[in-house]
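Listed here are the chains, written in short residue letters.
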Amino acid sequence: MKNFQWTEPQTVEQALAWLAKTNGKAVLMAGGTDLFTEIKEGVVAPDLVIDLKSIPGMAAIQGDKDGVRVGALTTVASLAADALIKRDFPGLSQAAESLATPQLRNVGTVGGNLCQRPRCWYYRDEQMVCRKKGGSQCFASKGRNKYHAIFGGGICHIVFPSDLAPMLIALDARVTISSPRGDKELPLAEFYALPAKNVRRENVLAPDELVREVKIPVAEKGTRSAYIKLKERETWDFALVSAAVRGTVSGGGLGDSAIVLGGVAPIPWRLKKTETSLKGKKLNEALIREALRADLQEAQPLEENGYKVPLVEAAVIRALLSLARTQ
(Lines give C-alpha, C1' and ligand atoms only; values in the text may rest on other atoms or scores of the structure.)
Protein backbone atom coordinates (compact mmCIF):
# COMPACT_ATOMS: atom_id res chain seq x y z
CA MET A 1 0.00 0.00 0.00
CA LYS A 2 1.34 3.42 -0.95
CA ASN A 3 1.48 6.09 1.75
CA PHE A 4 -1.13 8.81 1.41
CA GLN A 5 -2.11 12.04 3.10
CA TRP A 6 -5.39 12.54 4.96
CA THR A 7 -7.57 15.61 5.34
CA GLU A 8 -10.88 16.30 7.10
CA PRO A 9 -12.56 19.33 5.53
CA GLN A 10 -15.24 21.08 7.54
CA THR A 11 -17.27 22.30 4.57
CA VAL A 12 -18.17 21.07 1.10
CA GLU A 13 -16.24 24.03 -0.32
CA GLN A 14 -13.08 22.94 1.47
CA ALA A 15 -13.49 19.39 0.14
CA LEU A 16 -13.92 20.72 -3.39
CA ALA A 17 -10.82 22.90 -3.00
CA TRP A 18 -8.76 19.84 -2.08
CA LEU A 19 -10.11 17.97 -5.09
CA ALA A 20 -9.14 20.84 -7.36
CA LYS A 21 -5.61 21.02 -5.91
CA THR A 22 -4.81 17.35 -6.35
CA ASN A 23 -5.63 17.09 -10.07
CA GLY A 24 -7.38 13.72 -9.89
CA LYS A 25 -4.99 12.14 -7.37
CA ALA A 26 -7.38 12.40 -4.41
CA VAL A 27 -10.26 10.15 -3.40
CA LEU A 28 -13.34 10.99 -1.38
CA MET A 29 -14.20 8.93 1.67
CA ALA A 30 -17.67 8.64 3.20
CA GLY A 31 -18.06 5.37 5.10
CA GLY A 32 -14.91 3.92 3.56
CA THR A 33 -16.22 0.35 3.35
CA ASP A 34 -15.43 0.09 -0.37
CA LEU A 35 -12.59 2.60 -0.61
CA PHE A 36 -10.32 0.93 1.92
CA THR A 37 -10.81 -2.41 0.20
CA GLU A 38 -9.74 -0.85 -3.09
CA ILE A 39 -6.67 0.72 -1.48
CA LYS A 40 -5.65 -2.50 0.28
CA GLU A 41 -6.14 -4.51 -2.91
CA GLY A 42 -3.94 -2.09 -4.85
CA VAL A 43 -6.74 -1.05 -7.21
CA VAL A 44 -6.30 2.62 -6.35
CA ALA A 45 -3.26 4.43 -4.93
CA PRO A 46 -4.31 7.99 -3.99
CA ASP A 47 -2.03 10.76 -2.88
CA LEU A 48 -4.77 12.13 -0.64
CA VAL A 49 -7.89 10.78 1.10
CA ILE A 50 -10.54 13.43 1.74
CA ASP A 51 -12.70 12.33 4.68
CA LEU A 52 -16.13 13.94 4.31
CA LYS A 53 -17.59 12.82 7.64
CA SER A 54 -16.75 16.06 9.45
CA ILE A 55 -18.93 18.15 7.14
CA PRO A 56 -22.19 19.07 8.93
CA GLY A 57 -25.59 18.76 7.30
CA MET A 58 -24.80 15.93 4.90
CA ALA A 59 -26.20 13.11 7.03
CA ALA A 60 -29.88 14.00 7.30
CA ILE A 61 -33.22 12.78 5.97
CA GLN A 62 -35.66 15.66 5.59
CA GLY A 63 -39.19 15.64 4.25
CA ASP A 64 -40.95 18.66 2.76
CA LYS A 65 -43.76 19.46 0.32
CA ASP A 66 -41.59 18.39 -2.63
CA GLY A 67 -40.59 15.00 -1.24
CA VAL A 68 -37.60 13.76 0.75
CA ARG A 69 -33.99 14.90 0.75
CA VAL A 70 -31.34 12.36 1.78
CA GLY A 71 -27.85 13.63 2.54
CA ALA A 72 -25.00 11.74 0.90
CA LEU A 73 -23.45 10.92 4.30
CA THR A 74 -26.67 9.40 5.68
CA THR A 75 -25.87 5.87 6.78
CA VAL A 76 -27.63 2.98 5.12
CA ALA A 77 -28.88 1.89 8.56
CA SER A 78 -30.50 5.29 9.11
CA LEU A 79 -32.17 5.13 5.71
CA ALA A 80 -33.53 1.63 6.40
CA ALA A 81 -34.93 2.62 9.79
CA ASP A 82 -36.40 6.02 8.91
CA ALA A 83 -40.16 6.15 9.55
CA LEU A 84 -40.86 8.50 6.62
CA ILE A 85 -38.98 6.25 4.20
CA LYS A 86 -40.77 3.14 5.51
CA ARG A 87 -44.16 4.83 5.10
CA ASP A 88 -43.79 6.49 1.70
CA PHE A 89 -41.04 4.46 0.01
CA PRO A 90 -41.11 0.94 1.46
CA GLY A 91 -39.12 -0.47 -1.45
CA LEU A 92 -36.22 1.83 -0.56
CA SER A 93 -36.31 0.67 3.04
CA GLN A 94 -36.27 -2.94 1.80
CA ALA A 95 -33.31 -2.22 -0.46
CA ALA A 96 -31.37 -0.61 2.40
CA GLU A 97 -32.15 -3.49 4.76
CA SER A 98 -30.94 -6.01 2.17
CA LEU A 99 -27.53 -4.42 2.00
CA ALA A 100 -24.52 -6.10 3.63
CA THR A 101 -24.53 -6.67 7.42
CA PRO A 102 -25.79 -4.51 10.31
CA GLN A 103 -22.22 -3.47 11.04
CA LEU A 104 -21.59 -2.35 7.45
CA ARG A 105 -24.98 -0.61 7.22
CA ASN A 106 -24.05 1.41 10.30
CA VAL A 107 -20.90 2.64 8.55
CA GLY A 108 -21.73 2.67 4.84
CA THR A 109 -23.43 5.74 3.41
CA VAL A 110 -26.00 6.50 0.74
CA GLY A 111 -23.50 8.47 -1.34
CA GLY A 112 -20.88 5.78 -1.01
CA ASN A 113 -23.32 3.09 -2.08
CA LEU A 114 -24.30 5.08 -5.16
CA CYS A 115 -20.66 5.70 -6.12
CA GLN A 116 -19.09 2.34 -5.24
CA ARG A 117 -16.83 0.55 -7.67
CA PRO A 118 -17.55 -2.83 -9.32
CA ARG A 119 -16.77 -6.15 -7.66
CA CYS A 120 -15.50 -7.91 -10.78
CA TRP A 121 -12.66 -10.19 -9.67
CA TYR A 122 -10.52 -9.18 -12.64
CA TYR A 123 -10.90 -5.50 -11.79
CA ARG A 124 -10.16 -6.19 -8.11
CA ASP A 125 -7.04 -8.25 -8.89
CA GLU A 126 -3.99 -6.00 -8.68
CA GLN A 127 -2.17 -8.16 -11.24
CA MET A 128 -4.89 -7.97 -13.92
CA VAL A 129 -4.83 -4.85 -16.09
CA CYS A 130 -8.31 -5.04 -17.59
CA ARG A 131 -10.01 -2.38 -19.71
CA LYS A 132 -11.42 -0.69 -16.62
CA LYS A 133 -7.86 -0.17 -15.39
CA GLY A 134 -6.46 0.99 -18.73
CA GLY A 135 -5.80 -2.36 -20.37
CA SER A 136 -6.90 -3.60 -23.77
CA GLN A 137 -9.37 -6.37 -22.95
CA CYS A 138 -12.18 -7.48 -20.67
CA PHE A 139 -10.97 -10.76 -19.22
CA ALA A 140 -14.51 -11.71 -18.16
CA SER A 141 -15.73 -11.95 -21.75
CA LYS A 142 -13.85 -15.23 -22.30
CA GLY A 143 -13.00 -16.03 -18.68
CA ARG A 144 -14.88 -16.74 -15.47
CA ASN A 145 -18.07 -14.71 -15.77
CA LYS A 146 -20.64 -16.28 -13.46
CA TYR A 147 -21.49 -12.94 -11.81
CA HIS A 148 -21.13 -10.65 -14.81
CA ALA A 149 -23.48 -8.66 -17.05
CA ILE A 150 -26.16 -10.06 -19.35
CA PHE A 151 -27.21 -6.59 -20.56
CA GLY A 152 -25.15 -3.62 -21.74
CA GLY A 153 -21.71 -5.19 -21.37
CA GLY A 154 -19.99 -4.75 -24.71
CA ILE A 155 -16.41 -3.76 -23.99
CA CYS A 156 -16.68 -4.34 -20.21
CA HIS A 157 -18.95 -6.87 -18.49
CA ILE A 158 -19.00 -5.58 -14.92
CA VAL A 159 -22.28 -5.28 -13.03
CA PHE A 160 -23.01 -2.25 -10.90
CA PRO A 161 -23.28 -3.55 -7.31
CA SER A 162 -25.53 -0.96 -5.62
CA ASP A 163 -28.80 -2.01 -3.99
CA LEU A 164 -29.98 1.57 -3.48
CA ALA A 165 -29.45 2.85 -7.04
CA PRO A 166 -32.06 0.66 -8.81
CA MET A 167 -34.71 1.51 -6.23
CA LEU A 168 -33.95 5.21 -6.22
CA ILE A 169 -34.09 5.30 -10.02
CA ALA A 170 -37.45 3.52 -9.93
CA LEU A 171 -38.61 6.28 -7.55
CA ASP A 172 -37.49 9.01 -10.02
CA ALA A 173 -34.85 10.30 -7.61
CA ARG A 174 -32.52 13.12 -8.55
CA VAL A 175 -28.95 13.62 -7.40
CA THR A 176 -27.35 16.93 -6.41
CA ILE A 177 -23.72 17.26 -7.47
CA SER A 178 -21.42 19.96 -6.07
CA SER A 179 -18.37 21.38 -7.82
CA PRO A 180 -16.36 24.62 -7.78
CA ARG A 181 -18.82 25.82 -10.43
CA GLY A 182 -21.79 25.42 -8.08
CA ASP A 183 -24.48 22.79 -7.58
CA LYS A 184 -26.40 20.98 -10.30
CA GLU A 185 -29.17 18.39 -10.31
CA LEU A 186 -29.82 15.53 -12.67
CA PRO A 187 -31.97 12.42 -12.64
CA LEU A 188 -30.13 9.60 -10.91
CA ALA A 189 -30.72 7.46 -14.01
CA GLU A 190 -28.51 9.91 -15.94
CA PHE A 191 -25.79 9.76 -13.29
CA TYR A 192 -24.69 6.33 -14.55
CA ALA A 193 -23.04 5.63 -17.88
CA LEU A 194 -22.31 2.47 -19.85
CA PRO A 195 -18.68 1.43 -20.47
CA ALA A 196 -18.91 2.64 -24.08
CA LYS A 197 -18.99 6.24 -22.76
CA ASN A 198 -16.06 5.89 -20.37
CA VAL A 199 -14.88 2.41 -19.53
CA ARG A 200 -12.81 3.72 -16.61
CA ARG A 201 -15.85 5.09 -14.75
CA GLU A 202 -19.39 3.99 -13.89
CA ASN A 203 -20.83 7.48 -13.43
CA VAL A 204 -20.53 10.98 -14.86
CA LEU A 205 -18.81 12.64 -11.89
CA ALA A 206 -15.91 14.84 -12.92
CA PRO A 207 -12.70 14.68 -10.85
CA ASP A 208 -13.63 17.92 -9.04
CA GLU A 209 -17.24 16.94 -8.22
CA LEU A 210 -18.96 15.15 -5.34
CA VAL A 211 -22.45 13.86 -4.57
CA ARG A 212 -24.14 16.11 -2.02
CA GLU A 213 -27.66 14.68 -1.65
CA VAL A 214 -30.44 12.69 -3.25
CA LYS A 215 -33.97 14.04 -3.71
CA ILE A 216 -36.97 11.71 -3.94
CA PRO A 217 -40.17 13.33 -5.26
CA VAL A 218 -43.48 12.99 -3.46
CA ALA A 219 -45.10 9.66 -4.15
CA GLU A 220 -48.42 9.99 -5.94
CA LYS A 221 -51.45 8.69 -4.11
CA GLY A 222 -51.74 4.94 -4.46
CA THR A 223 -48.10 4.44 -5.40
CA ARG A 224 -46.42 1.30 -4.10
CA SER A 225 -42.80 0.17 -4.25
CA ALA A 226 -40.94 -3.06 -3.61
CA TYR A 227 -37.43 -4.47 -3.83
CA ILE A 228 -36.59 -8.12 -4.39
CA LYS A 229 -33.00 -9.30 -4.15
CA LEU A 230 -31.87 -12.76 -5.22
CA LYS A 231 -28.44 -13.75 -3.95
CA GLU A 232 -26.25 -16.80 -3.72
CA ARG A 233 -25.96 -16.93 0.08
CA GLU A 234 -28.57 -16.45 2.77
CA THR A 235 -26.05 -14.38 4.70
CA TRP A 236 -25.11 -11.00 3.27
CA ASP A 237 -24.14 -10.94 -0.36
CA PHE A 238 -24.33 -8.84 -3.50
CA ALA A 239 -27.31 -9.41 -5.77
CA LEU A 240 -27.17 -12.00 -8.50
CA VAL A 241 -30.29 -10.23 -9.72
CA SER A 242 -32.44 -7.61 -8.03
CA ALA A 243 -35.69 -5.98 -9.10
CA ALA A 244 -36.81 -2.55 -7.92
CA VAL A 245 -40.39 -1.69 -8.85
CA ARG A 246 -42.66 1.28 -8.35
CA GLY A 247 -46.22 1.56 -9.56
CA THR A 248 -49.80 2.50 -8.90
CA VAL A 249 -52.22 -0.40 -8.61
CA SER A 250 -56.00 -0.10 -8.56
CA GLY A 251 -58.19 -3.18 -8.60
CA GLY A 252 -55.17 -5.22 -9.64
CA GLY A 253 -54.55 -3.02 -12.70
CA LEU A 254 -51.12 -1.46 -13.02
CA GLY A 255 -50.87 2.24 -13.83
CA ASP A 256 -47.60 4.08 -14.43
CA SER A 257 -44.68 1.96 -13.31
CA ALA A 258 -40.89 1.66 -13.23
CA ILE A 259 -38.96 -1.60 -13.23
CA VAL A 260 -35.21 -1.36 -12.67
CA LEU A 261 -32.82 -4.29 -12.36
CA GLY A 262 -29.61 -4.62 -10.39
CA GLY A 263 -26.85 -7.20 -10.76
CA VAL A 264 -27.31 -7.66 -14.51
CA ALA A 265 -25.61 -4.71 -16.24
CA PRO A 266 -22.84 -2.12 -15.80
CA ILE A 267 -25.56 0.35 -14.77
CA PRO A 268 -29.00 -0.06 -13.15
CA TRP A 269 -31.02 -1.54 -16.03
CA ARG A 270 -34.56 -0.35 -16.74
CA LEU A 271 -37.15 -2.58 -18.44
CA LYS A 272 -39.11 0.04 -20.37
CA LYS A 273 -40.70 -2.41 -22.81
CA THR A 274 -42.09 -4.43 -19.93
CA GLU A 275 -43.43 -1.29 -18.27
CA THR A 276 -45.25 -0.29 -21.46
CA SER A 277 -46.65 -3.76 -22.03
CA LEU A 278 -48.08 -4.01 -18.51
CA LYS A 279 -49.69 -0.58 -18.28
CA GLY A 280 -53.39 -0.85 -17.53
CA LYS A 281 -53.25 -4.63 -17.14
CA LYS A 282 -54.36 -6.71 -14.19
CA LEU A 283 -51.24 -8.37 -12.93
CA ASN A 284 -50.70 -12.10 -12.85
CA GLU A 285 -47.64 -14.29 -13.28
CA ALA A 286 -48.35 -15.39 -16.85
CA LEU A 287 -48.98 -11.83 -18.01
CA ILE A 288 -45.78 -10.53 -16.43
CA ARG A 289 -43.76 -13.37 -17.91
CA GLU A 290 -45.11 -12.59 -21.37
CA ALA A 291 -44.49 -8.85 -20.94
CA LEU A 292 -40.86 -9.53 -20.01
CA ARG A 293 -40.18 -11.37 -23.25
CA ALA A 294 -39.25 -8.33 -25.35
CA ASP A 295 -36.75 -7.01 -22.81
CA LEU A 296 -35.25 -10.43 -22.12
CA GLN A 297 -34.65 -10.98 -25.83
CA GLU A 298 -32.00 -8.26 -25.55
CA ALA A 299 -30.04 -10.25 -22.95
CA GLN A 300 -26.64 -11.51 -24.08
CA PRO A 301 -25.49 -13.99 -21.45
CA LEU A 302 -21.87 -15.06 -21.28
CA GLU A 303 -20.79 -18.67 -20.95
CA GLU A 304 -21.43 -18.99 -17.21
CA ASN A 305 -24.25 -16.54 -16.43
CA GLY A 306 -27.24 -17.58 -18.52
CA TYR A 307 -28.96 -18.55 -15.25
CA LYS A 308 -29.58 -14.84 -14.66
CA VAL A 309 -32.29 -14.70 -17.33
CA PRO A 310 -34.80 -16.88 -15.40
CA LEU A 311 -33.74 -15.09 -12.21
CA VAL A 312 -34.81 -11.79 -13.77
CA GLU A 313 -38.22 -13.31 -14.47
CA ALA A 314 -38.53 -14.59 -10.91
CA ALA A 315 -37.44 -11.32 -9.28
CA VAL A 316 -39.70 -9.09 -11.41
CA ILE A 317 -42.72 -11.36 -10.97
CA ARG A 318 -42.29 -11.44 -7.20
CA ALA A 319 -41.76 -7.70 -6.98
CA LEU A 320 -44.73 -6.74 -9.17
CA LEU A 321 -47.13 -9.18 -7.55
CA SER A 322 -46.16 -7.80 -4.16
CA LEU A 323 -47.43 -4.37 -5.30
CA ALA A 324 -50.88 -5.84 -5.94
CA ARG A 325 -50.90 -7.53 -2.53
CA THR A 326 -50.11 -4.28 -0.67
CA GLN A 327 -53.13 -2.28 -1.84
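This write-up is about the structure you can find in this document. (Residues numbered from 1 in each chain as written. Predicted model: local features only at pLDDT ≥ 70, side-chain atom pairs only at ≥ 80, totals over all residues. Heavy atoms only, no water.)

Structural notes on the sheet that holds strand β6 (residues 174-179)
In space, the 5 strands of this open sheet follow the order β4-β5-β8-β6-β7, with antiparallel pairing throughout. The sheet is open, and its two borders are formed by β4 (61-64) and β7 (182-187), each paired with just one other strand. Here the average twist between neighbouring strands, direction ignored, is 20°. Alignment of strand β5 (residues 67-71) against strand β8 (residues 210-217), held across 5 bridges, turns out to be antiparallel. Across the sheet, glycine 71 pairs through a bridge with glutamate 213, a residue of β8. Along the sheet face, helix α1 (residues 12-22) touches β6 and β8 and points at about 130° away from the line of β8. (Pairing = 2+ DSSP bridges. Helix = DSSP H or I, 4+ residues; strand = E, 2+ residues; numbered from the N terminus. Axes fitted to C-alpha atoms, helices over the stretch in contact; angles between N-to-C directions. Contact = heavy atoms within 4.5 Å.)

Concerning the pattern of salt bridges
Applying the stated rule across the entire model yields 29 salt bridges. Where aspartate 66 meets lysine 65, a salt bridge forms, and the shortest distance between an N and an O atom there is 3.4 Å. Across the pair, exposure class does not vary: aspartate 66 and lysine 65 are exposed alike. Across the pair glutamate 304 and arginine 144 runs a salt bridge whose closest N-O atoms are separated by 2.7 Å. On the criterion of sequence distance, the pair formed by glutamate 304 in the loop between α12 (285-296) and α13 (308-325) and arginine 144 in the loop between α8 (121-124) and α9 (164-170) is long-range, its members being 160 residues apart. A relative accessible area of 52% places arginine 144 in the exposed class. (Salt bridge = Lys/Arg side-chain N within 4 Å of Asp/Glu carboxyl O. Buried < 20%, exposed > 50% of the residue type's maximum accessible area, 1.4 Å probe, protein only.)

Some thoughts on unusual backbone geometry
Positive phi, normally seen in glycine, also occurs at alanine 100, with a value near 55°. With respect to the helices and strands, alanine 100 occurs in the loop between α5 (90-97) and α6 (102-107). Classification of alanine 100 by relative accessible area gives buried; the value is 16%. Despite not being glycine, aspartate 172 has its phi angle at roughly 60°, a positive value. The residue aspartate 172 is located in the loop between α9 and β6 in this model. Judged by its relative accessible area of 39%, aspartate 172 is partly exposed.

Focus on the packing of aromatic side chains
Taken as a whole, this structure holds 7 aromatic pairs when the rule is applied. On the numbers, 5.1 Å between centres and 80° between planes, the contact of phenylalanine 191 with tyrosine 192 is edge-to-face. Since its relative accessible area comes to 5%, tyrosine 192 is described here as buried. Here the aromatic rings of tryptophan 236 and phenylalanine 238 are separated by 5.8 Å at their centres, their planes lie at 65°, and the arrangement is edge-to-face. In this structure tryptophan 236 comes out as partly exposed when scored by relative accessible area, which is 32%. The rings of Phe160, Phe191 and Tyr192 are connected pair by pair, giving a single aromatic cluster. Positioned above the aromatic ring of tryptophan 18, the side-chain terminus of lysine 21 is 4.7 Å from the ring centre. (Phe/Tyr/Trp six-rings, centres within 6.5 Å; stacked < 30°, edge-to-face > 60°. Lys NZ or Arg CZ within 6 Å of the ring centre and 35° of its normal.)

Some thoughts on the sheet that holds strand β12 (residues 269-270)
Sheet strands line up and pair through hydrogen bonds in the backbone, either parallel or antiparallel. Overall, antiparallel pairing links the 4 strands, which are arranged β9-β10-β11-β12 in an open sheet. Sheet topology places β9 (223-230) and β12 at the edges, where each strand pairs with a single neighbour. Sheet topology places β9 next to strand β10 (residues 241-250); 8 bridges connect them, and they run antiparallel. Following the sheet pairing, arginine 224 is matched in β10 by glycine 247. Of the strands in this sheet, β9, β10 and β11 (253-262) are in contact with α13, which crosses β10 at around 30°.

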